[in-house]
Structures are given as structure tokens and as C-alpha cells.
Amino acid sequence: MLQATRLLSILLTAQLAVSSLTLSVSAAETPTDPSLKEMPLDKLIAKANLGNTDAQNELGDRYYEGRTVEENDAEALKWYKKAADLEDGDAMNSRPEPGTFTLSINPMS
């Protein structure tokens, strides 16, 4: 439940900050380059800063999950947004159209 609450918080923040992008409640897709998961942080950041959207999504995942870095939702959102700004399908398809986000709470789950 805490993981879902964190993800919802990130998504609501992104909805407000990035009205031209779409956000969904799903986690970011796995990068197409599996070697990125094993790449040292400094090299991954360098690759991401060169505009590699798979590297940017991997950084978002690492910061969201706290994998090889301290968990940091704001930093995760920053990297997901950079990938989406470059029109990366994984990042953009994981966001709802502005104004269409609805929250449904089922107290029985």
C-alpha cells in the first residue's frame, strides 16, 4: 500500500508539473538495454545526460526503487520527465492525459 501511495504521489505531482505529458499509475517499463541495469551510476548518468532515454528511464527506476542510490521520488520524476520530454514511448505511455486522471479508492482491497 505504501508503494502504491508513493507512486500515486509521484503521478499527481507530475500531473500538476507537466500538463503536456501523460502519466499512468504503472511503473516505468524495463529499459530495452539490459546492460543499463548493471552500469555504474556515473556512466549511466553520463549516458542519460547525452539524451539516452533508456538510461534516463533506468535512472528514474533506480531513484524510485532506491537501487544503487538513495530512494528519491523527486529525482526519479526528474529523469522520467527528461525521457518523456524526448518523446520516449515508455515514459510518455506511462502517464494519463491532462484532466483525465481519476482516483478510485476501494476500501475492501
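Sequence order as written defines the numbering, with residues in each chain counted from 1. The model is predicted, so local features are restricted to residues of pLDDT at least 70 and side-chain atom pairs to those at 80 or more, both for listing and for counting; the totals for chains, interfaces and linings are taken over all residues. Side-chain metrics rest on all non-hydrogen atoms present in the structure, leaving aside hydrogens and water.

Time to look at the packing of helix α2 (residues 41-49) against helix α3 (residues 53-65). For helices, the fitted axis covers only the stretch in contact; all axes are lines through C-alpha atoms, and the angles between them, taken along N-to-C directions, range from 0 to 180 degrees. Secondary structure follows DSSP: runs of H or I at least 4 residues long count as helices, runs of E at least 2 residues long count as strands, and numbering of each begins at the N terminus. With their axes 8 Å apart at the nearest point, α2 and α3 run at an angle of 130° to one another. If you check the angle between α2 and α3, you find them oblique. Judged by the twist between their axes, the crossing of α2 over α3 is left-handed. Contacts between α2 and α3 involve L41, L44, I45, K47 and A48 from the former and A55, Q56, E58, L59 and R62 from the latter. In the contact of α2 with α3, the residues fall into six nonpolar, one polar and three charged. For classification purposes, an angle smaller than 35 degrees is called roughly parallel, one larger than 145 roughly antiparallel, one from 65 to 115 roughly perpendicular, and anything else oblique. Handedness of a crossing follows from how the near helix is turned relative to the far one, being left-handed for an anticlockwise turn of less than a right angle and right-handed for a clockwise one. Residues are treated as being in contact if the distance between any of their heavy atoms lies within 4.5 Å. Gly is put with the polar residues, along with every residue not named as nonpolar or charged; the nonpolar set is Ala, Val, Leu, Ile, Met, Phe, Trp, Tyr, Cys and Pro, and the charged set is Asp, Glu, Lys and Arg.

With that settled, consider the nonpolar core. We call a set of buried residues a nonpolar core when its members are Ala, Val, Leu, Ile, Met, Phe, Trp, Tyr or Cys and they connect through side-chain atoms within 4.5 Å of each other. Whether a residue is buried, partly exposed or exposed follows from its accessible area with a 1.4 Å probe, protein chains only, as a fraction of its type maximum: under 20%, in between, or over 50%, in that order. Counting residues in each nonpolar core, the largest one holds 15 residues, and the members touching the most others are L44, L59, Y63 and Y64. If you list the elements that add at least two residues to this core, you get α1 (2-17), α2, α3 and α4 (73-85). Setting aside chain neighbours within four positions, we find L59 in contact with L41, L44, I45, A48 and W79.

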